[in-house]
Amino acid sequence: GTPQKKGEYGADLRHVHAVIDELAPRLTRPSVIVGKSTVPVGTAAELVRRAAAIAPAGVSVEIAWNPEFLREGFAIHDTLQPDRIVVGVQPGSTRAEAALRGLYANLLDGGVPFLLTDLQTAELVKVSANAFLATKISFINAISEVCEAADADVHLLADALGHDPRIGRQFLNAGLGFGGGCLPKDIRAFMARAGELGANHALTFLREVDSINMRRRTRMVELVTTACGGSLLGANIAVLGAAFKPDSDDVRDSPALNVAGMLQLNGATVNVYDPKAMDNSQRLFPTLNYSTSVAEACERADAVRVLTEWREFIELDPAELV
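Residues numbered from 1 in each chain as written. Predicted model: local features only at pLDDT ≥ 70, side-chain atom pairs only at ≥ 80, totals over all residues. Heavy atoms only, no water.

Novice: Could you clarify how one ought to interpret the overall build of the protein chain in this entry?
Specialist: Counting secondary structure elements, the protein chain contains 13 helices and eight strands. With respect to the principal axes defined by its C-alpha atoms, the protein chain has extents near 75 × 45 × 40 Å. Here the protein chain holds 322 residues, and 43% of them are scored as buried. Restricting to contacts in the protein chain with at least 6 residues of sequence separation, those with at least 24 account for 74%. In the form shown here, the protein chain has an accessible surface area of approximately 16,800 Å², with 56% of it arising from carbon and sulfur atoms. For the protein chain, the distance from the average position of its 31 positive side-chain charges to the average position of its 39 negative side-chain charges is 7 Å. (Helix = DSSP H or I, 4+ residues; strand = E, 2+ residues; numbered from the N terminus. Buried < 20%, exposed > 50% of the residue type's maximum accessible area, 1.4 Å probe, protein only. Contact = heavy atoms within 4.5 Å. Areas by Shrake-Rupley, 256 points an atom, 1.4 Å probe, with all protein chains shown as cover. Lys, Arg positive; Asp, Glu negative; His and termini not counted. Charge placed at Lys NZ, Arg CZ, Asp CG, Glu CD.)

Written as structure tokens, this is what we have:
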């Protein structure tokens, strides 16, 4: 994955460089090395130089970049049915394109788009896609604040926007915002890399995207505090959801757990339930209380918060929890 901070680039890239340093001297025939990780743009070009410098005499090494677009929780589906295949190759490449077309022959025969680019463009595709999705999520969350002030319905508004084919409905659900191991750190790393390239002003809007996203968490704590009469001291709060998104047990930078932790710090007793992420949650936040069911989490609760969009939570009838 891409490092979160500019200073972490070096540590992360040392591992990538080590692969080339170990592999290239051992090659005995012309070879293609394909990278898939999300890396700072310019990494592949550096690997080309490293491989050329340390490969045995007479052994040609080509570097290609083939970014992955796997959604967490749907990796097998997205591997077998990708929406596109992007391959970046170095100037003068003769083997990389043919090798990857051969690798993906069955998918290409099935009509999956194949986009051939230079190395730098391929490196930028994944992080640009994540930045766009993050922007879309923060956009609807910003609009939700306006809807609250105007007493409008952000869900109906999002439905209306989603019917526009230029916009689409996906990623327009207002809520706690994004978390996980990719979007938050990718947009921060993207900004840092743009600054290194002298294009720091191009991505300044992502700072506001990040700010809106983080503000949703504190806003949720404020809403719960208001619902509990202005103070969380002694309040019993049920938190439904711990994973950063449904259909996953991943709790990295989970907005749900972050909010649960803040509620506890403000004096509430917090009972958490998640269908899949309980073990990971307990390791990360051992001081929270964990329940074995929705009913147990909500028993004697002063407020119930649905913080991860699991279907079973969305379809709950609040009357059944009384």
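Novice: Explain the confidence of the model for the protein chain to me, please; I cannot follow it from the model alone.
Specialist: The predicted coordinates should not be examined in detail at positions where pLDDT is low. Here the protein chain averages 92 in pLDDT, while 96% of its residues score no lower than 70. Within the model, the stretch residues 1-11 combines pLDDT values under 50 with 25 contacts to residues more than four positions away or in other chains. (pLDDT = per-residue confidence, 0-100.)

Novice: What exactly am I supposed to notice about unusual backbone geometry here?
Specialist: Most peptide bonds take the trans form, and the phi angle of most residues other than glycine is negative. Its identity as a non-glycine residue notwithstanding, Asp247 has a phi of 65 degrees, on the positive side. Among the secondary structure elements, Asp247 is positioned in the loop between strand E5 (236-240) and helix H10 (255-265). Given a relative accessible area of 39%, Asp247 falls into the partly exposed group. Notably, Arg300 is not glycine yet its phi reads approximately 60 degrees, a positive angle. Residue position: Arg300 is located in the loop between helix H12 (294-298) and strand E8 (303-306). Its relative accessible area of 65% is what places Arg300 among the exposed residues.

Novice: Please explain the packing of aromatic side chains as it appears in this structure.
Specialist: Centre-to-centre distance and the angle between the planes together describe a pair of aromatic rings. In this structure the tally under the stated criterion is one aromatic pair. Lying across the ring of Phe114, Arg101 places its NZ or CZ 4.1 Å from the centre. (Phe/Tyr/Trp six-rings, centres within 6.5 Å; stacked < 30°, edge-to-face > 60°. Lys NZ or Arg CZ within 6 Å of the ring centre and 35° of its normal.)

Novice: Just to check I follow, could you spell out the sheet that holds strand E2 (residues 61-65) for this structure?
Specialist: Two orientations exist for strands paired in a sheet by backbone hydrogen bonds: parallel and antiparallel. Pairing in this open sheet of four strands is mixed, and the strands run E1-E2-E3-E4 from one edge to the other. Edge positions in the open sheet fall to strand E1 (31-35) and strand E4 (114-118), since each of these has one partner strand only. Adjacent strand axes in the sheet meet at a mean angle of 30 degrees, parallel and antiparallel pairs treated alike. With five bridges connecting them, strand E3 (residues 85-89) and E4 associate as parallel partners. The residue of E4 that forms the bridge with Ile85 is Phe114. Of the strands in this sheet, E2, E3 and E4 are in contact with helix H6 (residues 119-150), which crosses E4 at around 120 degrees. (Pairing = 2+ DSSP bridges. Axes fitted to C-alpha atoms, helices over the stretch in contact; angles between N-to-C directions.)

Novice: Where do I start with the sheet that holds strand E6 (residues 269-273) in this structure?
Specialist: If you trace the four strands from one edge of the open sheet to the other, you get E7-E6-E5-E8, paired in parallel fashion. Both edges of this open sheet fall to strand E7 (289-290) and E8, since each of them pairs with a single strand only. With five bridges joining them, E5 and E6 adopt parallel strand pairing. Across the sheet, the residue bridging to Ala238 is Asn271, located in E6.

Novice: What should I look at first to understand the pattern of salt bridges in this one?
Specialist: Pairing between side chains of opposite charge can happen when the charged atoms of each approach one another. Counted under the stated rule, the structure contains 22 salt bridges. Measuring nitrogen to oxygen at the nearest pair gives 3.3 Å for the salt bridge that ties Arg215 to Glu145. One end of the pair, Arg215, is in helix H9 (residues 205-227); the other, Glu145, is in helix H6, with 70 residues separating them in the sequence. Judged by its relative accessible area of 31%, Arg215 falls in the partly exposed class. The class for Glu145 is partly exposed, based on a relative accessible area of 27%. One salt-bridge network, held together by shared partners, links Asp21, Glu46, Arg49 and Arg50. (Salt bridge = Lys/Arg side-chain N within 4 Å of Asp/Glu carboxyl O.)

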